[in-house]
Structure formats: C-alpha cells, structure tokens
Amino acid sequence: FSQGTLSLLLMYKQQEVAATQPNKFPQVILFLLERKMGASRRAFLSQLGRRKGFQVEELFSKNVTHVICESNTAQEARMWLEAQGAGQAGRHLLDVSWYTESMRDGHPVEILDRHKLQVQQHFHKCSEFAVNDSEVTPFSVPGYACQRRCTLENHNAVLTDALSLLAENAELSDEDGRGVAFRRAAAVLKALPSAVTNMSQLTGLPCLGGHSLRVIKDILENGTSSEVESTKESERFKALKVLTGIFGVGSKTADRWIREGIHNLQQLRDSGQTLNRAQQAGLEHYDDIKQPVSLAEAEAIRGIVGRAVASVSPEAQIVLTGGFRRGKLTGHDVDFLITHPEEGSEVGLMPKLVSWLESRVSFYAALLISKQPKMIVVMFKSIVTFSKILLNVISGIFLYGQKFRAVLEMGGRWRAVRVDLVVSPISQFAFALLGWTGSKLFERELRRWAGHEKGMSLSSHALYDNKQLSCLQGRYIRASSEEEIFAHLGLEFIPPNERNA
Ligand code: UTP
Ligand code: MN
C-alpha cells in the first residue's frame, strides 16, 4: 500500500486566532438551547455559526430572534422561555436542522414547516432507553461501540474517568487486554442516556466485567474507588505518565528508566541517558505538547498545511480528521488526511511536502511584506526529527510557527504542536478517513465487529472479505465513502460526531 503517515511537532506562534466573522445578518440573533443538545455540541455549533458570520448569543436575552433546539418539543421550548421570563412572541422556535442547513448554505435559510418544533414528542435516537425517574429501569445498549451513537455528551463522567484511568494504567503497564476491558466498560457507560444511580440499572449491559462493576459499585456507594485513588497516587503511575508524555517515549522505555530510578524530567536530564532526536525535542517542548490544542489553532494549522499541500500538488485535498472531526474542541494533536483525485498522483507527495515545509523560512519573509490585512503569516522553523521511518510510514517531530502581522509586531510566543499527516491514495481514501477519525475505541470495535461478526478484515487501507468465495481466497471490497463501508459491514451509518466512544 502506498499510504504514508508522518507525525510532526510544529512550532506555532501563539495568538488569539480570530474565530469569528463580523455579524453578516443583523436581523437574526440566534440562541442555542443547551437542553438535550449538550454543552459540548452547543459550543461546537455556536462556534461554527460565528465563523460563518452569524450572531450566536452565549446567554439568552430579549433580543434573541431564533431559538434553536435539538430533540425538544415546542412545549418544552416554550416552558423554558417562560422560565427565562420571556415568551415566544415574535421568536422562531426551530429545530437544529434549520441551523445546520443555514450553516451549509452560508445564510439563514427559509423557515419551512419541517424546521418548526413539533408539538408532539418525536422519539429519537436513544429514547427507547429512557428511564423513568420513579422506578429503576435497566439500561440497554448494543454490544459493539460501533453500533452505538455516542456524542461528546457524557452523563457518567465520574465513572468513566475512573475506568479510563485504570485503562491508562493498564496500557502503560503493557497489559493491553485489561486496558481494552476498562475502555469498553467506560464506553458503555458513556453511551447511557442518563446518570447511573443504582447498580441494578446495569443488569444485562455488555462489556461490564467483575472488575469494572466493583469500581462502579465503590463509586456509587462511597463516592470514590480506593483502587482508582491509590493508582492515581502511586509513584509508578505518576512516573509512567510523565515519562510517556515525552514525544518519542513509549511505555517500554519509560519502564526501563523507572527501573533505573528515573521518575521525572529533572532526573532524566541529570541521568545522562542518551536520547534520540525525537526524545530530545519531546523533552525540550514538553510543556507545549502537554497543553491541549484548540479548534481555532487546529484550523489555523489547517490553513498552513493546506497551503503547503496546494503548493506541492495543486489538486491534492486535505481533510481534518481525528478528534476535531468528531466535534471535539481540543485535542492532543492535529490529524490531517491528504489525498489526490487521481490515483497514483499522491506518490511522492509526502517527501515533497516535508521539503516544502523545511524551506519555509524564506516563505515567511515573503508573506511578511504582503499588504493584506489579517494575513496569516507562516514560519516553519525546522524539522526537528523523525522518530520512526518505516517504509512509507513516518512518525516524527516538526517545528513550525505562525503569526498574524499584528501579533508579530507585538511579539508572541512560539509553541510546539504535534501534527499527524497521512497521505492516502484516493482508492483507499474512505478507509483512511474512517480509520483516522477515531475514536480509538470506535476503530477497535469496528475491526472487532468486522472480524467476529462478518468474517472480514478492516484496516485504514482496505476491507477484505475473508470468507471463501468460489475457490481459494477472499476478496477486497471497494468503497468510496464511509457510508459504503458501514453498509458493507452491515452497520447503520454513524456520523463522526457520534463516534465518540
Ligand atoms: P489520535 O491519537 O490523534 O486520537 O488518533 P484523537 O481521537 O484525535 O484524540 P486527540 O483529540 O488527538 O487527543 C486519531 C485516530 O488516528 C488513529 C487512531 O486510531 C484514531 O482513530 N491512529 C492514530 C492510527 O490509526 N495510527 C496511529 O499511529 C495513530
Ligand atoms: Mn488527534
């Protein structure tokens, strides 16, 4: 396969990235109702609207002309308005579909009947699992995370944080099996439509093993789990977290250092250990890399990498994948997928991209003298290192900087950002897009489903049917969209923002 990946560490000039456009539609003042939509989806949609030049209010006020709801009935929205001391008078109560269509078209679309909130409750998504507060009804969810719609909303964060910490500890200790078990259990709780209050609600749920159930029971009964608390405080866990937080350091290296008495960055610096170039850069930029990357930064970086791609191959396309494609507002890195509409033309794109980025110091000067106001000025410092070069898979570190002219004059601060670049031939693009959008557990569950339920092998390159057809072997199944891959797997299509397992 000629798919290549490149992990980079970029130096990035920090500044307030202008995320909004001036209000283009002064007669339309929008407010998104958080109820049922969830805080993170609301924040994501609001930011999207502002970028498109809409006025989206953070707080409700009498000036609001359009109230946007998701899965609320007209009565619920009216009751909410009354609770704010405002009536419906003169206001549109609209379904989120009106909002998303307006975002798509770049202007407020005509309000049709189907956009208006329904009077009757219309059942939606997980409503078959809805619980009546007065009695304990067990939850029910399908067994594979890739069969579940899971947004960023999480009603059981206390429980899932605890299980995720145990998963992380297991993964850092090279106990992957235990890690996956905790991850699966956390994903089941994350998919529930409300908070678990009673162990009996969990009866019959998949993926909840004895160990996970004990942890959940502890937290429901005592507010904390002693195992989680002692893990969190253990010297070994703390040391593993700090050391593997260095770009280029995995759990095996961290474990070896710990056995040699190295538990923190200072001890590592003092130890005289030989570090490879990736690790040296990882240590140098440790604080930057630990700091989450915002969506605004990811989009600024997209602009820059997009320009680099366009320069080396004008027809090539670039897509933001990973957590940001799933609607996350922050990430530990920025993931891009690059392809070319003509099969084969993506060959050699990665090395060209790398040398273009490496030679950007002069580009920086050229852009600097540009007269365009608000022009994003880019400066790529230098490629620090690659941590892994295996055939066409490249993982590495890269430094880059980016400046607005104004910020440049004021003197901002450089920061390092991890960036993953993946180049895929167009024939594999749908598989790469699906494979790099995540979440990690969602991907793992897709592959488990493919193998166990369908006798197929799924990767970010291809889908292969292992079942013998006519004579000797299986066959590759083509797909040009994510929707087609889900269909081949016999799964209902789950959009990216609902793959947050
Ligand atoms: P990330 O680790 O970047 O996860 O991998 P994320 O969901 O974007 O999380 P944050 O927001 O950065 O913290 C993104 C996707 O790329 C795949 C993972 O399986 C995940 O689906 N991936 C990552 C690979 O396939 N191979 C890798 O070497 C790394
Ligand atoms: Mn990512």
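Quick caveat, the model's predicted, so the values are computed rather than measured.

*Asks:* What's the story with the coordination of the manganese ion (ligand 2) in this structure? I'm lost.
*Replies:* The expected angle between donors at a tetrahedral four-coordinate metal is 109.5 degrees. At an octahedral six-coordinate metal it is 90 or 180 degrees. Of the protein atoms, only Asp 333 (OD) and Asp 335 (OD) coordinate the manganese ion (ligand 2), at distances of 2.1 Å. A residue is classified by how much of its surface remains accessible, and Asp 333, at 7% relative accessible area, is buried.

*Asks:* Quick question: what am I supposed to make of helix H19 (residues 440–454) here?
*Replies:* Since there are 3.6 residues in each turn of an α-helix, residues three or four apart along the chain are aligned in direction. Helix length check: H19 (15 residues) gives 20 Å between terminal C-alpha atoms against 21 Å at 1.5 Å per residue, within 8%. Buried residues of H19: Leu 441, Phe 442, Glu 443, Glu 445, Leu 446, Arg 448, Trp 449 and Ala 450, and no others. Among the structural elements, helix H5 (176–190), helix H18 (429–437), strand S13 (456–458) and helix H20 (482–488) are those in contact with the buried residues of H19. Following H19 by one or two positions, Gly 455 has its phi on the positive side, about 60°.

*Asks:* How do you make sense of the packing of helix H4 (residues 157–172) against helix H6 (residues 210–222) when you look at a structure like this?
*Replies:* Between two packed helices, what matters for the description is the angle formed by their axes and the separation of those axes. At a minimum axis distance of 10 Å, the contact between H4 and H6 shows a crossing angle of 135°. When the interaxial angle is binned, H4 and H6 end up oblique. By crossing handedness, the relation of H4 to H6 is classed as right-handed. Taking contact as the criterion, the partners of Val 158, Leu 159, Ala 162, Leu 163 and Leu 166 in H4 are, on H6, Ser 212, Val 215, Ile 216 and Ile 219. For the contact of H4 with H6, the class distribution of residues is eight nonpolar, one polar and no charged.

*Asks:* Please explain the site of ligand 1 as it appears in this structure.
*Replies:* Inspection of the region around ligand 1 gives 14 residues, with Gly 323, Lys 328, His 332, Asp 333 and Lys 440 positioned closest. The contact in question runs from an oxygen atom of ligand 1 to an N or O atom on the side chain of His 332, over 2.7 Å. Elements represented by at least two residues in the shell around ligand 1 include exactly helix H14 (322–325), strand S8 (330–331), H18 and H19. Class assignment for the residues of the shell around ligand 1 results in one nonpolar, seven polar and six charged.

*Asks:* Sorry, what's going on with the sheet that holds strand S3 (residues 55–57) here?
*Replies:* Sheets are built from strands paired through backbone hydrogen bonds, the pairs being either parallel or antiparallel. With respect to topology, four strands assemble into an open sheet ordered S3-S2-S4-S5, the strand pairing being parallel. The open sheet is flanked by S3 and strand S5 (92–95), the only strands paired with a single partner. Here the average twist between neighbouring strands, direction ignored, is 30°. The pairing of strand S2 (residues 29–32) with S3 spans three bridges and is parallel. Across the sheet, residue Ile 29 finds its bridge partner in S3, namely Gln 55. The strands that helix H3 (residues 96–105) touches are S2, S3, strand S4 (66–69) and S5; relative to S5, the one it contacts most, it runs at about 80°.

*Asks:* It is not clear to me how the UniProt feature "binding site: Mg(2+)" (unreviewed entry) in the protein chain should be interpreted in this structure. Could you clarify?
*Replies:* Listed under "binding site: Mg(2+)" (unreviewed entry) in the UniProt record, and renumbered for this structure, are Asp 333, Asp 335 and Asp 420. Despite a sequence span of 88 residues, these residues sit close together in the fold, their greatest C-alpha distance being 7.3 Å. Secondary-structure assignment places Asp 333 in the loop between S8 and strand S9 (334–340). Excluding residues within four positions of it along the chain, Asp 333 makes contact with Val 293, Phe 324, Arg 418 and Asp 420. Along the chain, the position of Asp 420 falls in strand S12 (residues 413–425).

*Asks:* Can you help me understand the pairing of S4 in this one?
*Replies:* Two faces belong to every sheet, and in a regular strand the side chains alternate between them. Of the two faces of S4, the one carrying His 66 and Ile 68 and the one carrying Val 67 and Cys 69 are both buried. Judged from the three bridges that link them, S2 and S4 form a sheet pairing that is parallel. The residue of S4 that forms the bridge with Leu 30 is His 66. Inspection of the sheet shows S4 paired to S5 by four bridges, in the parallel sense.

Rules used throughout
Residues numbered from 1 in each chain as written. Chains lettered and ligands numbered in written order. Predicted model: local features only at pLDDT ≥ 70, side-chain atom pairs only at ≥ 80, totals over all residues. Heavy atoms only, no water. Donors = N, O, S within 2.8 Å, 3.2 Å for Na, K, Ca; no water. Buried < 20%, exposed > 50% of the residue type's maximum accessible area, 1.4 Å probe, protein only. Helix = DSSP H or I, 4+ residues; strand = E, 2+ residues; numbered from the N terminus. Expected span 1.5 Å × (residues − 1). Contact = heavy atoms within 4.5 Å. Axes fitted to C-alpha atoms, helices over the stretch in contact; angles between N-to-C directions. Parallel < 35°, antiparallel > 145°, perpendicular 65-115°, else oblique. Left-handed = near helix turned anticlockwise from the far one by under 90°. Nonpolar A, V, L, I, M, F, W, Y, C, P; charged D, E, K, R; others polar. Near = heavy atom within 4 Å. Polar contact = N/O pair within 3.5 Å; in protein donor to acceptor, adjacent residues only side chain to side chain. Pairing = 2+ DSSP bridges. UniProt positions renumbered as here; feature names shortened; annotations may be inferred.

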